Amino acid sequence: MNFNQDIFLNNIAQTTPFPYSISIERAEGIYLYAPDGKRYTDLISGIGVSNIGHRHPTVIKAIKDQLDKHLHVMVYGEFIQSSPNLLAQKLNEILPPNLNCSYFVNSGTEANEGALKLAKRYTGRTEIVSFRKSYHGSTHGSMSVSGNEIKKAAFRPLLPDVKFITFNTILDLQHITTRTACVIMETIQGDAGVRVPSKEFMLALRKRCDETGALLILDEIQCGMGRTGTFFAFEQFNIVPDILTIAKAFGGGLPIGAFISDKKIMNCLTHDPMLGHITTFGGNPICCASALATLNVIQDEKLLDTVEEKGKLFEKLLVHAKIKEIRRIGLLFAIDFDSEERVNRIVEKGKELGIICYWFLSHPYSFRIAPPLTITHEEIQESCALILKAIDNS
Ligand code: PMP
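This one's a predicted model, so the numbers in the text were calculated from it and none came from an experiment.

### Some thoughts on the nonpolar core
In a soluble, globular protein the nonpolar side chains are often hidden away together inside. By size, the foremost hydrophobic cluster in this structure holds 57 residues, and its most contacted members are Leu87, Leu91, Leu95, Leu205, Phe232, Ile246 and Phe250. Broken down by element, this core gets its largest block of residues, nine residues, from helix α10 (residues 285-300). A domain-level breakdown of this core finds at least three residues from each of domain 1 (5-55 + 302-392) and domain 2 (58-300). Residues contacting Leu205, with those up to four places away along its chain left out, are Leu173, Ile176, Val183, Met185 and Leu216.

Following this line, the structure appears as structure tokens:
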């Protein structure tokens, strides 16, 4: 084993000058374990990934079974393989009828890249409408439609013809026109600090897209897979997107994403030119087996049924004079404080106490809580006691 910090800092590319830097040897359920035996409660699910906990036995078994059959055999889209077939079939069962065709990719940002390309091809239009403060990924296209100007400026020129409107603001929907290829939106804005739109806004958005012929892409990469109490967050707003993007928790701990649409829309990537989107590893059989097992666990263990009550329990227990505001949907929380410095101290103190809370990309006054949906009432009580202690000492 090798937990050498110099290698980590110097031979593995760093994303920030201040990496969280704990060493993890193994993980199980909601817990992560350091080589010295220290236990951490994962209250952020590896940023929206471990919705069914770490190393769920059903997922581990599915991965092992697939390992014994085959690993990668061919680039995406050429060979018929059982594991992607079963996954596509399962998605058809749980999604509305117009979301019947899945393109499996490797990550969240690639899912959004595929969705944007598909919308441009289907509509023949170029303009993309997105939302201020949104986050859709770190590759050029996804970054172009993300709303954080500070993070983007150094990488210009980015995609042209991208227009930003204000989240949850009906008046701004008039900027969606017959020039617009698509609107891309996180159903719940995650890294902006958990922003939940109104039902009225979502209905107006759907209507405006229908009127103008713009496709609606909902990015559920962070808020999907049961996080909000329904399989997909859009179910709570009585609307259905034209294209849905998922990743993160979809794979149960392995890397897989998807953009999902109607077959008649998806066909655009097959013709004129064909190979409109290609990927070597998309639909990797091990990742698909893991994703299918994850969907089955969410259903079979009825995890969706307890999300709301667990969310409410957190809210009931997290009462502290230093907390300015809590925004929550399901088991996704932003806890607001008076300053960035205080949030930093709480996150650091939490680390010492063995709980992992973490920052948001675009909202420095909050930390996030998004635990595995499998967390028990008792574990919530223990975690909240530690969170309050961290706040007390910060
Ligand atoms: N969209 C949203 C809403 C996300 O939260 C993220 C990741 N934080 C992405 C897209 C990008 O996903 P990935 O890191 O897998 O590319």
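### Overview of helix α5 (residues 108-123)
Because each turn of an α-helix spans 3.6 residues, side chains separated by three or four positions in sequence point in the same direction. The end-to-end C-alpha distance of α5, which contains 16 residues, comes to 23 Å, matching closely the 22 Å that a straight helix rising 1.5 Å per residue would cover. Counting buried residues along α5, 12 of its 16 residues qualify, which places the element largely inside the surrounding structure. Looking at α5, one finds that the buried residues are Gly108, Thr109, Glu110, Ala111, Asn112, Glu113, Gly114, Ala115, Leu116, Leu118, Ala119 and Thr123. Taking the backbone nitrogen of Glu110 as reference, a side-chain oxygen 3.2 Å away marks Ser107 as the first, capping residue of α5. Phi turns positive, to about 70 degrees, at Gly124, one or two residues after α5.

### Re the pattern of salt bridges
Once the charged atoms of two side chains with opposite charge are near each other, the side chains can pair. Under the criterion given, the structure shown has 21 salt bridges. Here Lys163 ties to Glu127 by a salt bridge, and the two come within 3.2 Å at their closest N and O atoms. With Lys163 in strand β6 (residues 162-165) and Glu127 in strand β5 (residues 127-131), this pair connects stretches of sequence that are 36 residues apart. Residue Glu325 is joined to Arg327 by a salt bridge in which the shortest nitrogen-to-oxygen separation is 3.3 Å. Taking relative accessible area as the criterion, Glu325 reaches 39% and is therefore assigned partly exposed.

### Considering the sheet that holds strand β1 (residues 26-28)
Spatially, β1-β2-β3-β13 is the arrangement adopted by the four strands of the open sheet, whose pairing is mixed. Only two strands of the sheet have a single partner each, and these edge strands are β1 and β13 (355-356). Bridging between β1 and strand β2 (residues 31-33) involves three bridges; their strand directions are antiparallel. Paired with Arg26 across the two strands is Tyr33, which belongs to β2.

### Points about helix α3 (residues 57-67)
Regarding α3, the residues found buried are Val59, Ala62, Ile63 and Gln66. One side of α3 carries all its buried residues, which in axial view fall inside an arc of 100 degrees. Facing away from the buried side of α3, by more than 90 degrees, are the exposed residues Pro57, Lys61 and Lys64. Taken together, the buried residues of α3 touch α4 (82-94) and α10.

### Brief notes about the domain arrangement of the protein chain
Taken as a whole, the protein chain is organised into domain 1 (5-55 + 302-392) and domain 2 (58-300). Once you take the C-alpha centre of each, domain 1 and domain 2 turn out to be 25 Å apart. Each partner contributes to the interface: domain 1 provides 28 residues, whereas domain 2 provides 31 residues. Across the domain 1/domain 2 interface, buried area totals approximately 2,600 Å², and carbon plus sulfur atoms make up 59% of it. Looking at the side of domain 1 facing domain 2, the largest losses of area belong to Ile52, Leu304 and Ile329, adding up to 25% of the total buried there. In this structure, the connection of domain 1 to domain 2 is made through one salt bridge. A salt bridge links Asp191 to Arg368, with the nearest nitrogen and oxygen atoms 2.6 Å apart. Taken together, the links from domain 1 to domain 2 amount to 21 residue pairs in polar contact (both at pLDDT 80 or more). Contributions of two or more residues to the side of domain 1 that touches domain 2 are made by α2 (45-48), α11 (304-317), β11 (325-329) and β12 (332-336).

What counts as what
Residues numbered from 1 in each chain as written. Predicted model: local features only at pLDDT ≥ 70, side-chain atom pairs only at ≥ 80, totals over all residues. Heavy atoms only, no water. Core = buried A, V, L, I, M, F, W, Y, C linked by side-chain atoms within 4.5 Å. Buried < 20%, exposed > 50% of the residue type's maximum accessible area, 1.4 Å probe, protein only. Helix = DSSP H or I, 4+ residues; strand = E, 2+ residues; numbered from the N terminus. Domains from an automatic or database assignment. Contact = heavy atoms within 4.5 Å. Expected span 1.5 Å × (residues − 1). Polar contact = N/O pair within 3.5 Å; in protein donor to acceptor, adjacent residues only side chain to side chain. Salt bridge = Lys/Arg side-chain N within 4 Å of Asp/Glu carboxyl O. Pairing = 2+ DSSP bridges. Arc of directions from axis to C-beta. Buried area = accessible area lost by both parts, 1.4 Å probe.

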